[in-house]
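Structural overview
Here are the chains, one letter per residue:
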Amino acid sequence: MKTAAFPELASMAFRNLGRHRVKTAVTVTAVAISVALYIFIDGWLLGMNLDSKRNIVAFEAGAARIQSKAWFAKKDELPMYESFGGHEALSARLDEAGFDTAPRFLFEGTLLSRERSAPIAFIAMDPGREAKLLRWQDYVASGRAPVPGRFEIALGSMAAGKLRVDLPARPDAAEFEAMLAAAADADEAVFVRGLYLDAPPDRVAPAEFRRLKPVLAAMPGGKDVLRAYELPWDGDAWRLRKDARPAAFGELAAALRAAGFDFQPRHTLRPDASRTDRDRLWAILAASGRMDVRISTVIDIKELPARVDASKFEAELLPALRSDDRALASRAYPADPASGDRALAEADPGRRDRLLRAMLDAGFAPAVRHVNQLIDAVVVGTVDSPNPKTNGNVAYMPSDALQDEAGMMLEGRITELLVRAKGADDTALPDPGESPRAVKAALGGALPAGLEVYGWLDGVEDYIAASRGDEVSTRVMVGLLFVLSFIGIANTMLMAILERSKETGMLRALGMTGGQVLAVYVMEAAAIGLLGSAIGVAAGCLVNVPMVAYGIDYSGMLENMGTDYGYRVVAFFRSAWNPPVIAASALVATLVSGLMAIPPTLRALKVPVTESLRFE
């Protein structure tokens, strides 16, 4: 036995698997479940992260962006007074170096429609240059993109629905009558009516649904109604399934009424409505004034205050300034002998600019003048893209219409300049040639002081936090499953070794060394891990196939979460293939399984051979 070869030891180990079928099957199942679940979770997280990153690049940030350092430090406030000019020179340099650029001015305001209002993040942009770099204009679901020089808005679909400045997908009776009234003549009214189908209710209360179930089950077509509704994860009401056929809505509504369910009539936009029909309907509703909106915002202008109250100067301004800036402020604002207040007396432009910068950095409120502004505009399209951020409370409008007093008094200034390599693949993430370092190198030292080039992930902390949080929590959960499965392996091996103590003693008495006994049990445990890993990899890959192709529809769960859940994915969360992780999970499970056999085997080997032979 001392000269037993490796094949003989391996054969002995594999024969032991068949001798303990139940324990082997249970442990193999535990390993397989852990490996399969790990592959599924890892692929799911990878898919969501890849889709999110692609959508951040293609719809929000490009590959890099140039912003002022002061603006970036206060980006959550969208401080329009920290904008910068001279961006055309930067764009020209980058164009020569092979980059597309898109200038933007970001500001906040309230958008007021005829019936409602909502806070909106406005993006003033150049439609032509924006289309070269970002892809949201390809996802204008209804209407069209804004035209340069006009006070026109493309609005996120969720905000448009809230404000009722879109094509209503599910109008109630009052809204539908208002749409018919907007028609200019009888032909247009017939056209509008023909675009909508009678629809059953979106939701039915659980108590009402329980009452209707037996009635519907006994009615012709009633089972179709029951199949058309589902009880979602939150269980607050039975909801009409998203895959319910709109063509059958009339029959569903009639069956519900026949069963005694009284509900307000609703309509749904025909799913087969052509783009031409949708554009005609948009024109009819726009002509009625439905799409007219008003922007209420505040223009922030940075300037030195003409006078500063004495108490503010001493208690707020001076303590917040650096020592050399305090001296500058004291000279620029000499005290009035009578009142003690400070009046601006500095005439030198350079010192005035330095003092204004110091006041802004110190957060001194009087250094920013606020001008209320109202701007009349019209919504010309709605955006429904794969990125939920663009579909929320976001509005796009031409920046050239906002340059003078009738707009935002931009005077050519912007808050960011987006950058992407010309001809870049939308499905690929930015490569090193599009990094901030590469953009700086392309500018060749032409980047003005106070400006910085930031990467595409800078400024998307909500996505990074969601990604890291989910990754940690899910990996901890799967890690616990692995631990439990490996504990199961250790327990199986411990019980098997204890039950075979006499057998182990006999093998040692016949001349088998402790190392050979250890090798047999380690190979036995590794074989369990290998078998479980193989089954787990196969199961995980089989589950991953439909997840990669179709994903899971989370739209029902996300309805009440808006667009601020971090991930840049709409409705369908798809997985991705991660071959290195699949291979590593199988390898690690096999290795760790083998290692789990070492402690109980060493414990058994410490028992003298004579005592092992007496074991019953």
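In every chain, residue numbers begin from 1 and rise along the written sequence. Confidence filtering applies because this is a predicted model: local features only for residues at pLDDT of at least 70, side-chain atom pairs given and counted only at 80 or more, and all residues used for totals across whole chains, interfaces and linings. Side-chain figures throughout are based on the complete set of non-hydrogen atoms in the structure, without hydrogens or water.

Focus: helix α17 (residues 436-443)
Buried within α17 we find Val439, Ala442 and Leu443. Down the axis of α17, the smallest arc covering the buried residues is 100°, so these residues share one side. Opposite the buried face of α17, by more than 90 degrees, sit the exposed residues Arg437 and Ala441. Buried residues in α17 make contact with β1 (64-68), α4 (87-96), β2 (99-112), β16 (416-421) and β17 (451-455). Helix and strand labels come from DSSP, where a helix needs a run of H or I of at least four residues and a strand needs a run of E of at least two; each type is numbered from the N terminus. Directly after α17, the chain includes glycine 444, whose backbone phi takes a positive value near 60°. Residue exposure (1.4 Å probe, protein chains only): buried if accessible area is under 20% of the type maximum, exposed if over 50%, otherwise partly exposed. Within this analysis, the arc is defined by the directions that extend from the helix axis to the C-beta atoms. We call two residues in contact whenever any of their non-hydrogen atoms come within 4.5 Å of each other.

Comments concerning the confidence of the model for the protein
The quantity known as pLDDT measures the predictor's confidence residue by residue, on a range of 0 to 100. For the protein, per-residue confidence averages 84 on the pLDDT scale, and residues scoring 70 or more make up 85% of the total. Averaged pLDDT values over the elements of the protein bottom out at 54 in helix α21 (residues 555-558) and peak at 96 in strand β15 (residues 394-398).

Considerations on the pattern of salt bridges
Between Lys or Arg on one side and Asp or Glu on the other, a salt bridge is scored when a side-chain nitrogen of the former is within 4 Å of a carboxyl oxygen of the latter. The full count for this structure, using the stated rule, is 33 salt bridges. Where arginine 129 meets glutamate 88, a salt bridge forms, and the shortest distance between an N and an O atom there is 3.2 Å. Residue arginine 129 is located in helix α5 (residues 127-133), and its partner glutamate 88 is located in helix α4; the two are separated by 41 residues in the primary sequence. On the basis of relative accessibility, which here comes to 19%, the residue arginine 129 falls in the buried class. For glutamate 88, a relative accessible area of 45% puts it in the partly exposed group.

Some words on the packing of aromatic side chains
Centres within 6.5 Å are what make two rings of Phe, Tyr or Trp a pair, Trp counting through its six-membered ring; a difference in plane orientation under 30 degrees is then read as stacked, over 60 as edge-to-face, and the rest as tilted. Evaluated as defined, the whole model comprises 11 aromatic pairs. For the pair phenylalanine 40 and tryptophan 44, a centre-to-centre distance of 6.0 Å together with 20° between the ring planes defines the contact as stacked. In this pair, phenylalanine 40 and tryptophan 44 both sit in helix α2 (residues 21-61), 4 residues apart, roughly one turn of the helix. Measuring from centroid to centroid gives 6.2 Å for phenylalanine 313 and tyrosine 333, while their planes differ by 50°, and the two rings are tilted. Residue phenylalanine 313 is found in helix α13 (residues 310-320), and its partner tyrosine 333 is found in the loop between α14 (323-332) and β13 (342-343); the two are separated by 20 residues along the sequence.

Remarks on the environment of tyrosine 229
With respect to the helices and strands, tyrosine 229 occurs in strand β8 (residues 229-230). Between the C-alpha atoms of tyrosine 229 and valine 204, which are 25 residues apart in sequence, the distance is 8.7 Å. Among residues more than four places away in sequence, those in contact with tyrosine 229 are Pro200, Pro201, Asp202, Val204, Phe209, Trp238, Arg239, Leu240, Arg241 and Leu256. A distance of 2.7 Å separates the side chain of tyrosine 229 from the backbone oxygen of proline 201, its partner in a polar contact. Pairs of N or O atoms are called polar contacts if they sit within 3.5 Å, as long as, within protein, a hydrogen donor faces a hydrogen acceptor (for residues adjacent in sequence, only side-chain-to-side-chain pairs).

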